[in-house]
Every structure is written in structure tokens, then in C-alpha cells.
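Here are the chains, one letter per residue:
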Number of protein chains: 2
Amino acid sequence: MDLDDLPTPALVLDRGVLSANIARMNERMRRLGVPLRPHLKTAKSADVARLAVAGHPGGVTVSTLHEADYFLERGFADVTYAVGITPARLDGAAALRRRGADLKIITDDIGVAGAIAAHGASFAVLIEIDTGGARGGVAPGGPELLEIARRLDGAPAVTLGGVLTHAGHSYDCRDEAAMAAVAEDERAGAVMAAERLRAAGLACPVVSVGSTPTARFARDLTGVTEARPGVYMFCDLFQAGIGVCERGDIALGVLASVIGQRRQENLLLIDAGALALSKDRSTAELAADCGFGLVCDAVTGRPHGGLKVASVHQEHGIIASDAPIPFESFPVGARVRVLPNHACMTGAAHETYNVIDGGTEVIARWPRCNRW
Amino acid sequence: MDLDDLPTPALVLDRGVLSANIARMNERMRRLGVPLRPHLKTAKSADVARLAVAGHPGGVTVSTLHEADYFLERGFADVTYAVGITPARLDGAAALRRRGADLKIITDDIGVAGAIAAHGASFAVLIEIDTGGARGGVAPGGPELLEIARRLDGAPAVTLGGVLTHAGHSYDCRDEAAMAAVAEDERAGAVMAAERLRAAGLACPVVSVGSTPTARFARDLTGVTEARPGVYMFCDLFQAGIGVCERGDIALGVLASVIGQRRQENLLLIDAGALALSKDRSTAELAADCGFGLVCDAVTGRPHGGLKVASVHQEHGIIASDAPIPFESFPVGARVRVLPNHACMTGAAHETYNVIDGGTEVIARWPRCNRW
């Protein structure tokens with residue numbers, strides 16, 4: 001199978017670029033002395049996961065219990081479900097543990113800690129810490145941390161595994177110094193929480209941090225036991241826009257066909273629209289606004305100078321350019337590859353990676369584990 | 001099965017509201033004397049399609065050949081594929097016709113018309129007309145129309161079926177008069193194109209128009225033979241925001257669970273984020289900006305005054321409110337229903353409709369036909 005034979009739109013993943021991204025992050029983590037527990041919410045693929053855990057202890061991070069199930073079935077037993085658990089999901093989590101998963105769940109809520117303690121099944125629980133992202137998590141210095149820890153520790157079937165944080169505000173940074181500072185906030189907050197637990201006589205073996213920008217720019221991770229970046233494997237235009245990677249590091253693209261020309265308006269229509277690309281506009285606030293994606297050569301993956309997907313309808317993408325579009329190069333049926341703003345969102349629109357390795361041959365097709 | 005038993009996030013469709021929306025549009029079309037060929041790119045469901053075609057000739061509209069295949073398998077043989085065809089898709093279109101589909105394809109490109117003519121298989125083709133949306137389509141008054149028509153008409157195996165247009169710029173309108181004016185542009189452009197074909201001695205049995213706003217506000221559809229609205233079945237916050245429906249007409253919602261509270265910041269976290277709701281922000285430019293969705297009571301579907309999903313991460317939705325959130329009503333595990341900005345985008349994130357009829361009982365589960 002060749003790229004030319006793929007029906008469009010189709011998700012394309014370059015294994016060489018993927019492997020280089022993984023190797024680069026591995027080298028950084030080796031220097032910082034911290035193993036990865038890669039977050040697989042971006043890739044949702046056992047094939048990608050095998051590449052990402054090589055040289056690490058083998059644990060993975062997921063964003064749904066559906067992913068936990070999928071990875072357990074494929075040999076990944078050490079799984080951290082890094083979204084706050086609800087009481088209704090405890091039965092599902094317990095079932096995964098009975099099937100052999102070393103599943104860690106997280107909470108930041110005293111009521112949920114009570115439900116976990118009362119459930120009766122054996123659970124391993126991390127307490128979610130807020131180190132600045134203002135999403136989930138208790139304050140590392142606040143009273144809730146010890147309250148939740150004691151509630152969990154008092155339950156015979158529950159193992160208090162430690163603390164976990166995600167410095168999501170690293171995505172608000174626009175330069176290396178700012179990201180390094182957020183990485184230090186993330187580390188310091190998680191370590192402070194861990195030390196408070198230990199000082200109170202509670203166990204805290206795990207000190208888990210992670211986002212791709214902080215993993216990329218952390219200067220020191222003393223006290224951290226694992227990092228959970230995810231999007232570093234694929235990279236995307238947002239990560240390139242904030243300086244975490246180069247555009248050439250983007251391993252993921254959407255192969256699309258030209259379905260129309262509007263020469264008077266200097267526009268091309270392609271068959272990758274809002275569903276195939278997503279409506280993510282995360283580059284809108286960056287210096288390089290890439291619209292809904294950057295248009296590249298289908299084969300080389302290199303940008304067609306200045307062409308971007310300026311707007312989307314459900315199945316139509318509309319390509320615009322500041323310069324005149326060379327329409328003779330783009331007849332209806334011609335193919336392009338669109339680099340995504342946000343790999344997690346664009347990937348989720350597709351069921352399968354069409355894997356290439358620099359050339360045009362599709363060397364493998366890797367399924368994804370989507371939805372819930 | 002009850003709403004309370006559904007794992008979240010889950011797509012919920014209220015059949016009573018759906019049926020009322022369909023009845024209202026049918027009544028409008030009856031008065032205008034034009035049958036519907038409902039667009040099923042929003043619903044992507046044979047169960048919904050059966051309700052939508054009742055009382056009409058039975059033809060449907062789709063946005064992918066995958067949908068055409070799905071609907072043919074379920075008894076809908078009269079299908080218009082309303083996205084410009086590419087040469088590479090002609091084999092697939094021909095295969096559907098051999099299997100019994102009365103498939104109509106569309107084009108606005110002289111090169112593609114030549115490829116259709118040269119293919120050899122029997123095709124029925126509509127010429128796409130641009131009546132103002134500046135997406136696909138040739139100008140109704142320009143030379144390309146007749147050029148393409150003659151190329152198609154000259155091919156023995158090809159049937160020139162007529163003209164088709166979609167006044168997508170109706171979505172830019174903010175009041176009834178403006179939408180009525182766009183509806184008249186749409187009608188007049190399509191009819192002008194049809195008359196030019198007929199004057200040239202060419203056949204033009206089909207004059208197909210359609211968008212939900214123009215179908216809702218058209219005052220006269222003389223010369224039009226069918227209309228293709230789609231989102232009217234479900235409605236959404238964008239349609240409500242531009243005055244096409246009321247919020248109470250929105251049949252689709254996402255059931256979600258509270259996964260965290262941030263009392264100091266007056267925020268709630270739910271497990272419906274960017275993947276479950278989509279990143280559609282089409283209400284951003286309207287008077288009522290609904291964020292990423294409006295938060296309603298899980299059972300009644302009525303808005304929790306002022307709560308909306310203000311931001312999204314992959315699996316986290318963050319609910320904000322101008323008024324203090326009554327946190328005691330929203331413990332972790334509590335359920336809400338989120339009305340979508342854009343039903344087409346939110347629906348596409350889910351594989352199944354959990355169908356209710358006003359109450360909390362899930363009376364049916366209807367599959368969707370997603371992707372390509």
C-alpha cells in the first residue's frame with residue numbers, strides 16, 4: 001500500500017519522526033534521572049506505547065478507563081488513570097484490578113476518598129495536586145491533602161500510592177525560561193506535598209509530574225519519581241509554536257485530497273474539514289497562527305510555503321494563502337498532508353494510523369483506542 | 001436502562017423533541033410545496049433518517065461515500081452525495097450504483113466532469129452552484145456551468161441530473177429578514193442555473209437547495225424541487241443563537257459527571273471535555289456565547305441558570321458561572337447534561353445515541369455511522 005492508494009482523509013504517522021521524538025525525550029529524562037510513565041491519551045495505541053516505554057519501567061498513563069482496559073489487554077498492566085475518579089467508576093476500576101491491572105486511580109476530593117475507602121475493593125490511589133494549572137488537584141500546602149490522605153490510609157484495602165500533578169499552565173508559556181519556571185513549580189509543589197505526607201507518617205512512594213513542555217525544559221527533577229508527558233511523541237503546531245519542538249518534529253498529519261478550486265478567491269477546497277482535522281484553534285493566539293492546520297506536500301511532509309487551512313466545514317477544508325496559489329499544481333484529486341494544531345484532537349477523529357517511514361509506502365496500520 | 005446507569009460521557013437524544021423538530025420542518029415544506037431530501041451528515045443514523053423521510057419521497061443527502069454505503073445497506077437507495085467528487089472516488093461511486101444505489105454525485109470542475117465522462121460507468125451527476133457561500137460551486141450565470149453540463153451530457157453513460165446549491169452564508173445571518181434574503185438568493189441562483197441549462201437544450205429535472213436557516217425562513221421556493229436541511233432535526237445552541245430555533249428545541253445533549261469542584265475559583269470539573277463536546281466555538285460570535293456548551297439538568301434538560309462549559313481539556317470540561325455555583329448540588333459523581341454549540345461536531349464524537357423520550361428511561365440505543 002502506498003500513500004497514493006489511501007482513501008482520504010487519512011491519518012498518517014511517520015515512524016522515523018516518532019522514534020526520533022521518543023529518543024530525544026528519553027535522553028532528556030536519562031539526564032534528569034527520572035523514568036517516563038508516558039501518557040497515552042494522545043497516541044491511544046499499543047504499537048506507539050511499546051516504542052514509548054522501551055528503556056523505562058513499563059508503566060503507562062491513560063485518560064479513560066476504556067484506555068486502561070485496552071492497554072491491559074495488550075500487556076500493559078501498570079496503568080495510572082490520571083483523571084479524577086468518580087464513585088460510579090470504582091466498580092470498573094476494581095474489575096480491572098481483579099483482571100491483573102496494577103491500576104492507580106487519583107482523587108482530590110474528600111467525599112470520593114470516603115467512597116474509595118468504603119468500597120471494599122483493593123485500590124491504589126494517588127492524590128492529585130494542583131501546582132498551578134487550576135484544573136484538578138488540592139493545594140500542596142493546604143489542609144485537604146492530609147485529610148484525604150488520612151481517609152485513604154485508614155482504609156485497610158486501600159494503598160496510598162503518592163501524589164500526582166500536571167502543570168497544565170505550561171501551555172500558557174511562550175518561552176523556555178517560563179516553561180522551566182513552571183516545571184520547577186510543578187516539581188516543587190509535588191515534592192512539597194510528598195514531604196508533608198511523609199512528615200505525617202504516611203507513605204508517598206510516587207511523586208508523579210508531567211506535561212510535554214515541562215518535561216522538555218525542566219532543569220532539575222529532584223524528588224520526582226516519574227514524568228508523564230504525552231504529546232512529545234507526535235508533536236504538533238501548537239508545541240512547535242511555543243518552542244517545544246520544531247515543525248520538522250511533527251510526526252502526525254492528515255492526508256487529504258483537493259476537491260475544488262476557487263481561482264478568483266485564491267482558495268482551494270480539500271476533503272479534510274472540521275471532522276478530520278478537529279476545530280482546535282490553539283495556534284490562534286501564537287505568533288504563527290496556522291489556521292486549522294498547515295498544508296504540506298503529501299509525500300515529503302514539507303510545508304507548501306504559506307498554504308494553510310483557513311476555515312473548515314464538516315467535510316470541507318478551505319485552504320488560503322497570502323501568495324497566489326499555483327492552481328495548476330493542485331487539480332481536483334491532488335493530495336496534500338495537513339499538519340495538525342493539536343495532535344490529541346486530530347488523532348481522535350481517526351481509527352487508524354497509516355504508518356510511513358519517510359517515504360510513501362504505508363509500512364503498517366496501527367489501530368487507535370478511541371472514545372470511552 | 002436509565003440515564004443514571006449510563007457511563008459518562010454519553011450522547012443523549014430526546015425522541016420527542018426530535019419528532020417535533022421534524023414535524024415543524026415538514027409543515028414548513030408542505031406549505032412551500034417542496035419535499036425534503038434530508039441531509040444526514042448531522043444524524044448519521046438510519047433510525048433518525050426513517051423519521052426524517054416519512055411523508056417525503058425517501059431520498060436522502062450524505063456527506064461521505066461511507067454514509068452512502070451505510071444508508072444503502074439500510075434501505076435508502078436514493079442518495080445524493082453532496083460533496084464535490086474526486087476522480088479517485090468514482091470507482092467507489094460506481095460500485096454503489098452497481099449495488100443498487102440511485103446515487104447522485106456532484107461536481108463544479110471541468111476536469112472532474114471529463115473524468116466522469118471518461119470513466120465509462122453509469123453516473124447521475126448534479127452540477128454544484130455557488131449562490132453566495134463561496135465554498136463549492138460554479139457561478140449560476142457564468143460560462144463554466146454550460147461547459148461542465150455539455151461535457152457531462154456528451155457522455156453516453158452519464159445522466160445530467162440537474163443543479164444543487166447550499167447557501168452556507170445563511171449561517172452568517174443574525175435575523176429572520178437576512179435569512180429570508182439568503183434563502184431567496186439560494187433559490188434564485190439555483191433556478192437561474194436550471195433555466196440556463198434548459199435554455200441550452202439540456203435536462204435539469206433536479207433543482208436542489210438547502211440549509212436549515214434558509215429552509216426555516218424561505219418565503220417562496222418556486223422552481224425548487226427539493227430541500228436538504230440537516231441540523232433542524234437536532235438543533236443546537238448556534239441555531240438557537242441565530243434565531244432558527246428555541247433552546248428548548250435542542251434534542252441532543254451530552255450526559256456528563258462532575259469529577260471535581262474548585263470552590264475558591266467557583267468552578268466545576270466534568271468528564272465531558274474537548275473530545276466529548278468538540279472544540280466548536282460557533283456561539284463565540286453570537287450575543288449569547290455559550291462557551292463549549294450550556295449546562296442543564298441531567299433529567300429535565302433545562303438549563304442550570306448560567307452554568308456553561310467555559311473551557312475544555314481533552315477529558316475535562318470546566319464549568320463556570322457568573323453567579324456562585326451551588327456546590328452542594330454538584331458533588332463529584334453528580335450528573336449534568338450539556339447542550340452542544342454544534343450538533344454535527346458533538347454528535348461525531350460518539351458512536352451511539354442513547355434515546356430518551358422526555359423522561360430518564362433509555363428507550364433505545366441508535367448507532368451512528370462515523371468517519372470515512
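Located above this text is the structure these notes cover.
Residues numbered from 1 in each chain as written. Chains lettered and ligands numbered in written order. Predicted model: local features only at pLDDT ≥ 70, side-chain atom pairs only at ≥ 80, totals over all residues.

On to the sheet that holds strand β3 (residues 78-81) of chain B, then. Residue and element names in this part refer to chain B. An order of β2-β3-β4-β5-β6-β7-β8 is seen for the 7 strands of this open sheet, with the pairing classed as parallel. The sheet is open, and its two edges are formed by β2 (60-62) and β8 (226-227), each paired on a single side. In this structure, β3 lies alongside strand β4 (residues 102-107), joined through 3 bridges in parallel fashion. Bridging from a neighbouring strand, Val-79 pairs with Leu-103 of β4. Lying on the sheet, helix α7 (residues 176-199) is in contact with β5 (123-129), β6 (158-165) and β7 (206-209); it crosses β6 at an angle near 155°. (Pairing = 2+ DSSP bridges. Helix = DSSP H or I, 4+ residues; strand = E, 2+ residues; numbered from the N terminus. Contact = placed C-beta atoms within 7 Å. Axes fitted to C-alpha atoms, helices over the stretch in contact; angles between N-to-C directions.)

Residues Val163(A) and Val163(B) are the most contacted members of the largest nonpolar core, which totals 256 residues. Apart from the residues lying within four places of it in its own chain, the contact partners of Val163(B) are Leu126(B), Ile127(B), Ile129(B), Ala190(B), Ala193(B), Ala194(B), Cys204(B), Val206(B), Val207(B) and Ser208(B). (Core = buried A, V, L, I, M, F, W, Y, C linked by C-beta atoms within 7 Å. Buried ≥ 20, exposed ≤ 12 C-beta atoms within 10 Å, placed from the backbone.)

Let us look at the pairing of strand β10 (residues 267-270) of chain A. Residue and element names in this part refer to chain A. Two strands pair when backbone bridges link them, and strand β9 (residues 252-262) and β10 are joined in this way by 4 bridges, in the antiparallel orientation. By the bridge assignment, Val-258 is partnered in β10 with Ile-270. Counting the residues between successive antiparallel strands, the hairpin from β9 to β10 contains 4 residues, one of them, Asn-266, with a positive phi of roughly 60°. Relative to strand β13 (residues 317-320), β10 is paired through 4 bridges, and the arrangement is antiparallel. Directly across from Ile-270, in β13, lies its bridge partner Gly-317.

Further remarks concern the pairing of β9(A). Residue and element names in this part refer to chain A. Among the 11 residues in β9, 11 count as buried, and that is most of the element. Two strands pair when backbone bridges link them, and strand β1 (residues 10-14) and β9 are joined in this way by 4 bridges, in the antiparallel orientation. Each bridged residue has a counterpart across the sheet, and for Leu-13 the counterpart in β9 is Leu-252. Judged from the 4 bridges that link them, β9 and strand β14 (residues 335-339) form a sheet pairing that is antiparallel. Bridging from a neighbouring strand, Val-254 pairs with Val-338 of β14.

All names here are of chain A. Strands sit in the order β2-β3-β4-β5-β6-β7-β8 across an open sheet of 7 strands; the sheet is parallel. In this open sheet, the two edge strands, each paired with only one partner strand, are β2 (60-62) and β8 (226-227). Inspection of the sheet shows strand β5 (residues 123-129) paired to strand β6 (residues 158-165) by 7 bridges, in the parallel sense. Bridge assignment links Ala-124 to a residue of β6, and that residue is Thr-159. Here helix α3 (residues 65-73) sits on the sheet in contact with β2, β3 (78-81) and β4 (102-107), set at roughly 175° to β3.

So, on to the interface of chain B and chain A. Listed as interface residues are 42 residues of chain B and, on the opposing side, 42 residues of chain A. Those elements that provide at least two residues to the side of chain B that touches chain A are α5 (110-119), β9 (252-262), α10 (274-277) and α11 (343-347) of chain B. Ranked by residue count, the leading element in the side of chain B that touches chain A is β9(B), at 4 residues. By residue class, the composition of the side of chain B that touches chain A is 17 nonpolar, 14 polar and 11 charged. (Nonpolar A, V, L, I, M, F, W, Y, C, P; charged D, E, K, R; others polar.)

Turning our attention to helix α5 (residues 110-119) of chain A. Residue and element names in this part refer to chain A. Those residues of α5 not exposed but buried are Val-112, Ala-113, Ala-115 and Ile-116. Projected down its long axis, α5 carries its buried residues within an arc of 160°, all on one side. Buried residues in α5 make contact with α4 (90-98), β4, β5, α6 (143-153) and β6. Immediately beyond the C-terminal end of α5, within one or two residues, lies Gly-120, with a positive phi of roughly 100°. (Arc of directions from axis to C-beta.)

Let us look at helix α4 (residues 90-98) of chain B. Residues and elements named next belong to chain B. All buried positions along α4 are accounted for by Leu-90, Ala-93, Leu-96 and Arg-97. Projected down its long axis, α4 shows its buried positions confined to an angular sector of 120°, all on one face. Along α4, exposed side chains directed more than 90 degrees from the buried face belong to Asp-91 and Arg-98. Where the residues of α4 are buried, they touch α3 (65-73), β4, α5 and β5. In the stretch just after α4, Gly-100 is the one whose phi turns positive, near 110°.

What follows deals with the relation of the copies chain B and chain A. Once turned by 180° and shifted 0.0 Å along the axis, chain B lies on chain A with an RMSD of 0.0 Å. Both copies of the chain, as the preceding transformation shows, are related through a two-fold rotation axis. No C-alpha of chain B approaches the rotation axis more nearly than that of Lys279(B), which lies at 2.7 Å. In this assembly the copies share their binding face: 100% of the residues contributing to the interface of chain B also contribute to that of chain A. (Least-squares fit on C-alpha atoms with pLDDT ≥ 70 in both.)

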